[in-house]
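Descriptive structure summary
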Amino acid sequence: MPSIGRLHVITDARPGRDVLSVVAAGLAVGADTIQVRVPDATTDREAYGLTREILRMCRESGATCLVNDRLHVALAAGADGGHVGADDLPVDVARKILGPHGILGATARDPESARRAVADGASYLGVGPAYATRTKDGLPDPIGPAGVAAVARSVTVPVIAIGGVTADRVGELTAAGAYGVAVVGAVSEAADPAKVTLELREALR
Ligand SMILES: Cc1ncc(COP(=O)(O)OP(=O)(O)O)c(N)n1
Ligand SMILES: Cc1nc(C(=O)O)sc1CCOP(=O)(O)O
Ligand SMILES: [Mg+2]
């Protein structure tokens, strides 16, 4: 049974990024979950092919493979589950599609939406943005460790903090009740993605 994991490396497939080399580097030093996240312009055919390759890498490393937004791609590729937010299928519908055993992540920013997502079938919650981030536009103001704590107190499923996460911030996020973290830029933009992933891994101990 795949686990939700504590160190989620989310792919950065924006032009110019070498997705597979960053995934390989992260898996080599302890990333235990890879979330396949691609730009909206990416075709399903491309997303499927990328997911199949990343799934193969995850299986070799014993890591969990999740797909962002596109649950049909997750199912078609044989991934371990997916992640949905406010612009994606509703959590209860996503749960029906994934079935009872798939890992289903849902984005939550406050206790009320967190409780609702869990009631609708979320296996874990992605909670943020914890800090300011340049990776995604249109986000609400950062909620900080206090906002993460408010959600973590309200649910019993794992809380994965996301948004502006760096190794030096992991301690305050886990102290706030986060089970783990999800990272895009700190790893994908690093000169040495393995080194940064290892620092994140160490910070989660
Ligand atoms: C672990 C984790 N948490 C939150 C998100 C954000 O998902 P979503 O709200 O669906 O936004 P997009 O990623 O689709 O832009 C996530 N992907 N992973
Ligand atoms: C994809 C995403 N979702 C967020 C949310 O708060 O819903 S923050 C985010 C981007 C995370 O990237 P980085 O680690 O580079 O800040
Ligand atoms: Mg989404």
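Here the structure is a predicted model, which means the values were calculated and not measured.

**Brief notes about the packing of aromatic side chains**
- One pass over the structure, following the stated rule, counts zero aromatic pairs.
- The lysine or arginine in question, Arg-6, covers the ring of Tyr-179, its NZ or CZ lying 5.5 Å from the ring centre.
- Taking the ring centre of Tyr-131 as reference, the NZ or CZ of Arg-169 above it sits at 4.1 Å.

**Notes on the site of ligand 2**
- In the vicinity of ligand 2 there are 15 residues, among which Thr-133, Thr-135, Gly-164, Val-184 and Gly-185 approach most closely.
- Note that an oxygen atom of ligand 2 is positioned 3.0 Å from one of the side-chain N or O atoms of Arg-109.
- At 2.4 Å from an oxygen atom of ligand 2 is found a side-chain nitrogen or oxygen belonging to Thr-135.
- Taken together, the residues that form the shell around ligand 2 break down as five nonpolar, seven polar and three charged.

**A closer look at the site of ligand 1**
- Near ligand 1 lie 14 residues; those nearest to it are Arg-37, Asp-69, Asp-88, Thr-107 and Lys-136.
- Within the side chain of Lys-136, a nitrogen or oxygen atom sits 2.9 Å from an oxygen atom of ligand 1.
- Summarising the interface, the protein chains cover 90% of the accessible area of ligand 1, which totals 420 Å² for the free molecule.
- The class makeup of the residues in the shell around ligand 1 is four nonpolar, six polar and four charged.

**Things to note about empty space enclosed by the protein**
- For the structure shown, the criterion picks out one cavity of 30 Å³ or more.
- Taken together, Thr-11, Asp-12, Arg-17, Asp-18, Val-19, Val-22, Val-23 and Ser-188 make up the full set of residues lining the largest cavity.
- Of all the elements, helix 1 (residues 19-28) adds the most residues to the lining of the largest cavity, at three residues.
- Each residue belonging to the lining of the largest cavity can be placed in one class, and the counts come to three nonpolar, two polar and three charged.

**Topic: helix 5 (residues 111-119)**
- All of the buried residues in helix 5 are Ser-113, Ala-114 and Ala-117. Projected onto a plane normal to the axis of helix 5, the buried residues spread over an arc of 105° and lie on a single side. Residues Glu-112 and Ala-119 are exposed on helix 5 and point more than 90 degrees away from its buried face.
- Along its buried surface, helix 5 packs onto helix 4 (91-98), strand 5 (103-108), strand 6 (124-127) and helix 6 (144-154).
- N-cap assignment for helix 5: the residue whose side-chain oxygen lies 3.0 Å from the backbone N of Glu-112 is Asp-110.
- Gly-121 occupies a position one or two residues after helix 5 and carries a positive phi of about 115°.

**Here we look at the UniProt feature "binding site: 4-amino-2-methyl-5-(diphosphooxymethyl)pyrimidine" (unreviewed entry) in the chain**
- The sites that carry the UniProt feature "binding site: 4-amino-2-methyl-5-(diphosphooxymethyl)pyrimidine" (unreviewed entry) are, in the present numbering, Asn-68, Thr-107 and Lys-136. Of the residues just listed, which span 69 residues, no C-alpha pair is farther apart than 13.9 Å, and they cluster in one region.
- With residues up to four places along the chain from it excluded, the contact list for Asn-68 reads Gln-35, Val-36, Arg-37 and His-83.
- Here Asp-69 takes part through its side chain, which lies 3.2 Å from a polar atom of the side chain of Asn-68.

**Section: the coordination of the magnesium ion (ligand 3)**
- Those protein atoms acting as donors to the magnesium ion (ligand 3) are Asp-69 (OD) and Asp-88 (OD), and they sit at 1.9 to 2.1 Å. Of this pair, Asp-69 sits in the loop between strand 3 (64-68) and helix 3 (71-77) while Asp-88 sits in the loop between strand 4 (81-84) and helix 4, placing them 19 residues apart in sequence.
- On the basis of relative accessible area, Asp-88 is assigned to the partly exposed category, the value being 23%.

Scoring rules and cut-offs
- Residues numbered from 1 in each chain as written.
- Chains lettered and ligands numbered in written order.
- Predicted model: local features only at pLDDT ≥ 70, side-chain atom pairs only at ≥ 80, totals over all residues.
- Heavy atoms only, no water.
- Phe/Tyr/Trp six-rings, centres within 6.5 Å; stacked < 30°, edge-to-face > 60°.
- Lys NZ or Arg CZ within 6 Å of the ring centre and 35° of its normal.
- Near = heavy atom within 4 Å.
- Polar contact = N/O pair within 3.5 Å; in protein donor to acceptor, adjacent residues only side chain to side chain.
- Nonpolar A, V, L, I, M, F, W, Y, C, P; charged D, E, K, R; others polar.
- Areas by Shrake-Rupley, 256 points an atom, 1.4 Å probe, with all protein chains shown as cover.
- 1 Å grid on protein atoms, 1.4 Å probe; cavity = no way out; pocket = protein on both sides within 12 Å on 5 of 7 lines; lining within 4 Å.
- Points joined across faces, edges and corners; volume = space filled by probe spheres on them.
- Helix = DSSP H or I, 4+ residues; strand = E, 2+ residues; numbered from the N terminus.
- Buried < 20%, exposed > 50% of the residue type's maximum accessible area, 1.4 Å probe, protein only.
- Arc of directions from axis to C-beta.
- Contact = heavy atoms within 4.5 Å.
- UniProt positions renumbered as here; feature names shortened; annotations may be inferred.
- Donors = N, O, S within 2.8 Å, 3.2 Å for Na, K, Ca; no water.

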